[in-house]
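Residues per chain, in single letters:
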Amino acid sequence: MGTVSLTGGSKEDVATVFGVLRTAFPTDRPADDIPHEQAGDRPPVWSADFDPTEERIPTGPTPLEGSISATLQGGYVALDRLLEALSGSFAVQEQGTASGDQEKEVDLRLMTQP
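First, a word on what this report is: a plain description of the structure on this page. Numbering of residues begins from 1 in every chain and follows the order in which that chain's sequence is written. Selection of residues for local features in this predicted model requires a pLDDT of at least 70, selection of side-chain atom pairs for listing and counting requires 80 or more, and totals for whole chains, interfaces and linings are taken over all residues. Processing note: side-chain calculations cover all non-hydrogen atoms of the structure and skip hydrogens and water entirely.

**Focus: the sheet that holds strand β1 (residues 2–7)**
At step 1: Here a strand pair is declared whenever DSSP counts at least two bridges between the two strands. The helix count covers DSSP runs of H or I at least four residues long, the strand count covers runs of E at least two residues long, and both are numbered beginning at the N terminus. An order of β2-β1-β3-β5-β4 is seen for the five strands of this open sheet, with the pairing classed as antiparallel. Edge strands, defined here as strands with exactly one partner in the open sheet, are β2 (45–50) and β4 (91–99). Within the sheet, the average angular offset between the axes of one strand and its neighbour, ignoring direction, is 20 degrees.
At step 2: In this description, contact between two residues means that some pair of their heavy atoms is separated by no more than 4.5 Å. Interaxial angles span 0 to 180 degrees and are taken between N-to-C directions of axes, which are lines fitted to C-alpha atoms, for helices over the stretch in contact. Contacts between helix α1 (residues 11–24) and the sheet are confined to β1, β2, β3 (68–75) and β5 (103–111), with β2 contributing the most and set at about 5 degrees to the helix.
At step 3: Against the sheet, helix α2 (residues 76–89) makes contact with β1, β2, β3, β4 and β5, and its axis sits at roughly 150 degrees relative to β3, the strand it touches most.

**Description of the packing of α1 against α2**
The geometry of a pair of packed helices is captured by two quantities: the angle between their axes and the separation between those axes.
At step 1: Taken N-terminus to C-terminus, the directions of α1 and α2 make an angle of 120 degrees; their axes are 10 Å apart at the nearest point. Judged by the angle between their axes, α1 and α2 are oblique. Viewed along their axes, α1 and α2 form a crossing whose handedness is right-handed. Mapping the contact onto sequence places Val17, Val20, Leu21 and Ala24 in α1 and Leu82, Ala85, Leu86 and Ser89 in α2.
At step 2: For the contact of α1 with α2, the per-class residue count stands at seven nonpolar, one polar and no charged. Roughly parallel here means an angle under 35 degrees, roughly antiparallel means over 145, roughly perpendicular means 65 to 115, and every remaining angle is called oblique. Crossing handedness follows the turn of the near helix against the far one: under a right angle anticlockwise gives a left-handed crossing, and clockwise gives a right-handed one. Nonpolar residues are Ala, Val, Leu, Ile, Met, Phe, Trp, Tyr, Cys and Pro. Charged residues are Asp, Glu, Lys and Arg, and all others, Gly as well, are polar.

**So, the side chain of threonine 62**
At step 1: Mapped onto the elements of the fold, threonine 62 is located in the loop between β2 and β3.
At step 2: In this structure the side chain of threonine 62 is engaged in a polar contact, spanning 3.0 Å, whose partner is the backbone oxygen of glycine 60.
At step 3: Setting aside chain neighbours within four positions, we find threonine 62 in contact with Thr16, Val20, Ser89, Phe90 and Thr112. Each polar contact in these results corresponds to two N or O atoms within 3.5 Å; when the atoms are within protein, one needs to be able to donate a hydrogen and the other to accept it, and residues that are neighboring in sequence are counted only if both atoms are side-chain atoms.

**Considering the side chain of serine 5**
At step 1: Within the secondary structure layout, serine 5 lies in strand β1.
At step 2: Residue exposure (1.4 Å probe, protein chains only): buried if accessible area is under 20% of the type maximum, exposed if over 50%, otherwise partly exposed. On the basis of relative accessible area, serine 5 is assigned to the buried category, the value being 14%.
At step 3: In terms of polar contacts, serine 5 uses its side chain to reach the side chain of serine 47, at 2.8 Å.
At step 4: For serine 5, the contacting residues outside a window of four places in its chain are Val45, Trp46, Ser47, Ser69, Ala70 and Thr71.

**Points about the pairing of β1**
At step 1: Looking at chain direction, β1 and β2 are connected through six bridges and run antiparallel. Considered in β2, the bridge of threonine 7 is made with valine 45.

Quick look at the structure:
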């Protein structure tokens, strides 16, 4: 299982990224779950859990309105599969990683592929 948290983008871009991952892997979110903004001064963070199985459904390049920050958390194999799915649809810049014994965290910037 891997958790994907998105920040710093429009709710449309959040829906696009989660849509790509929902197509590729089972998730804890229903298909009609649309991101919405919460009132307040803090920037919104949207999160969903995915079960990155070996048999993912590949997706092609997918445009975004802007760029969006993504944090992936989970086991090493799960994150490798999530990253592979994201790299098939978006330009991915790795911003940093933190590794532990069983899990790691990867910070990314996602953009439209050139």
